[in-house]
Amino acid sequence: MASNSPRRKELLAGLGLPFEVRVLQDIDESYPDDLPVSEVALYIAGKKADAYRTIVNDDELIITADTVVIVGDEILGKPVDEADAERMLRQLSGRIHQVTTGVCLLTASQERRFAVTTDVTFKELSDEEIRYYVTTYKPFDKAGAYGIQEWIGYVGVTCLHGSYYNVMGLPVQRIYETIRTLNITD
């Protein structure tokens, strides 16, 4: 797995497959300004996979991923501070947004790329709920300033259409099914 995300490690471990974490530093995660927001996560996951292409061994499977939160036509990245996190949560409050994770599975001879999108609906969040969540959980490492598996998900998410685990950052069911299509020997 090419990710330092503790959530992704936990989710991949849940599949019961042996893996190790190997992360290259300084991979460019920029994307063209004219790229549709729905394609950004897959584009970045692909750039991450491309960085491993020349160093993947014959007996390895590299998994790269990128998750974005999309509200309207805007991508909400990781907040830079408390004020930014509160702004993002106000933007999500009372609305439906999309969480898209792009995934690349790369071996020395094969590659599979796909994206999974989940629709998430938040109730109207009060300023007190937003402040409590941001000051208590400090969601500065999370796209869209929230983790669905945390308090805000318990009290704020009213509807979910798609993969819950995708919203956490890794669509493990789809990864499992895709791995099964690859010709990988143990």
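Predicted model only: the values in this text are computed from it and were never measured.

Caption draft 1: Region of interest: the packing of aromatic side chains. Counted by the stated rule, this structure contains 4 aromatic pairs. Both rings, one in Tyr132 and one in Trp151, keep their centres 4.8 Å apart while their planes meet at 70 degrees; by these two values the pair is edge-to-face. Separated by 19 residues along the polypeptide, Tyr132 in helix α4 (residues 127-137) and Trp151 in helix α5 (residues 151-156) bring together distant segments of the chain. Using a relative accessible area of 39% as the deciding quantity, one classes Tyr132 as partly exposed. Pairing Tyr133 with Tyr137 gives two aromatic rings, centres 5.3 Å apart and planes at 25 degrees, and the pair type is stacked. Taken together, the positions of Tyr133 and Tyr137, both in helix α4 and 4 residues apart, correspond to about one turn of that helix. What makes Tyr133 buried here is its relative accessible area of 0%.

Caption draft 2: Representation of the nonpolar core within the structure. Counting 35 residues, the largest nonpolar core has Ile63, Leu89, Leu92, Leu105, Tyr146, Leu170 and Ile175 as its most contacted members. If near-sequence neighbours (up to four positions away) are discounted, Leu105 is found in contact with Leu61, Ile62, Ile63, Gln110, Glu111, Arg112, Phe114, Ile175, Thr178, Ile179 and Leu182. Ranked by size, the runner-up nonpolar core spans 8 residues in total, among them Ala2, Val56, Ile62 and Leu106.

Caption draft 3: Molecular detail of the pattern of salt bridges. The full count for this structure, using the stated rule, is 17 salt bridges. Its salt-bridge partner being Arg53, residue Asp50 comes within 2.6 Å of it at the nearest N-O pair. Here Lys142 makes a salt bridge to Asp141, at a shortest N to O gap of 3.1 Å. By relative accessible area, which is 8% here, Lys142 ends up buried. For Asp141, a relative accessible area of 37% puts it in the partly exposed group.

Caption draft 4: Summary view of the pairing of strand β3 (residues 96-106). Within β3, 9 of the 11 residues are buried, which leaves the element mostly enclosed by the surrounding structure. Hairpin remark: β3 followed by strand β4 (residues 111-122), antiparallel, with 4 residues in the connecting loop.

Caption draft 5: The packing of helix α3 (residues 82-92) against α4, seen in detail. Contact pair α3 / α4: the axes reach a minimum separation of 10 Å and the direction vectors enclose 135 degrees. Considered as vectors, α3 and α4 are oriented oblique to each other. In this structure, α3 crosses over α4, and the sense of that crossing is right-handed. Where α3 approaches α4, its residues Glu82, Ala85, Glu86, Leu89 and Arg90 are matched on the opposing element by Asp127, Ile130, Arg131, Tyr133, Val134 and Thr135. Looking at the contact of α3 with α4, its residues break down into 5 nonpolar, 1 polar and 5 charged.

Reading the values: the criteria
- Residues numbered from 1 in each chain as written.
- Predicted model: local features only at pLDDT ≥ 70, side-chain atom pairs only at ≥ 80, totals over all residues.
- Heavy atoms only, no water.
- Phe/Tyr/Trp six-rings, centres within 6.5 Å; stacked < 30°, edge-to-face > 60°.
- Helix = DSSP H or I, 4+ residues; strand = E, 2+ residues; numbered from the N terminus.
- Buried < 20%, exposed > 50% of the residue type's maximum accessible area, 1.4 Å probe, protein only.
- Core = buried A, V, L, I, M, F, W, Y, C linked by side-chain atoms within 4.5 Å.
- Contact = heavy atoms within 4.5 Å.
- Salt bridge = Lys/Arg side-chain N within 4 Å of Asp/Glu carboxyl O.
- Pairing = 2+ DSSP bridges.
- Axes fitted to C-alpha atoms, helices over the stretch in contact; angles between N-to-C directions.
- Parallel < 35°, antiparallel > 145°, perpendicular 65-115°, else oblique.
- Left-handed = near helix turned anticlockwise from the far one by under 90°.
- Nonpolar A, V, L, I, M, F, W, Y, C, P; charged D, E, K, R; others polar.

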